[in-house]
Amino acid sequence: MKSITFTNNMSSDLMQWMEQYSSREKLTRRAVIEAALTEFRNGVRRKEYAESFKKASLDSEIKNMAEDGLGDYFKQLAYLEQ
């Protein structure tokens, strides 16, 4: 994947923490920022996935499909309704 350059401002205490952490862990600041953004993106995706399951649990067609043979899926949807 091609790298891009961007400029950003952040609080001095956050920058100081990142400098100390990256030095202690022998990581570049870029690696620290990429790891943090990757974890944030994964959290957002997990939240979106959970929300889609909750929405599906309210859909009667999905429930009918689950009752017709997708037993494990139905159990997950039923659990989300609680």
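See the structure shown above.
Reference entry: report on the structure contained in this document. (Residues numbered from 1 in each chain as written. Predicted model: local features only at pLDDT ≥ 70, side-chain atom pairs only at ≥ 80, totals over all residues. Heavy atoms only, no water.)

**Let's talk about unusual backbone geometry**
For the record, the criterion: We call a residue buried when its accessible area falls under 20% of the maximum for its residue type, exposed when it is over 50%, and partly exposed in between, using a 1.4 Å probe and counting protein chains only.
Its identity is not glycine, yet Lys26 carries a phi of approximately 55°, on the positive side. A relative accessible area of 74% means that Lys26 is categorised as exposed.

**Structural notes on the packing of aromatic side chains**
Cut-off, in case you're wondering: Here the aromatic set is Phe, Tyr and Trp, taking the six-membered ring for Trp, and pairing holds for ring centres within 6.5 Å; pairs whose planes are under 30 degrees apart are stacked, those over 60 apart are edge-to-face, and all others are tilted. In this description a helix means any DSSP run of H or I spanning at least four residues, a strand means any run of E spanning at least two, and both kinds are numbered starting from the N terminus.
Under the criterion given, the structure shown has two aromatic pairs. On the basis of an interplanar angle of 15° and a centroid distance of 5.0 Å, the ring pair of Trp17 and Tyr21 is categorised as stacked. With a gap of four residues between them, Trp17 and Tyr21 both fall in helix H1 (residues 12-25), about one helical turn apart. Ring geometry for Tyr49 versus Phe53: centroids 4.8 Å apart, planes at 65°, classification edge-to-face.

**Things to note about the pattern of salt bridges**
Here is the rule: A side-chain nitrogen of Lys or Arg and a carboxyl oxygen of Asp or Glu constitute a salt bridge if their distance falls within 4 Å.
Enumeration over the complete set of coordinates arrives at four salt bridges. Of the charged contacts in the structure, one is a salt bridge between Arg29 and Glu19, with a shortest N-O distance of 2.8 Å. Here the residue Arg29 occupies a position in helix H2 (residues 29-57), and Glu19 occupies one in helix H1, the gap between them amounting to 10 residues. Since its relative accessible area comes to 42%, Arg29 is described here as partly exposed. We note a salt bridge from Arg30 to Glu34, for which the minimum N-O separation is 3.0 Å. With Arg30 and Glu34 both in helix H2, this residue pair falls four residues apart, about one helical turn.

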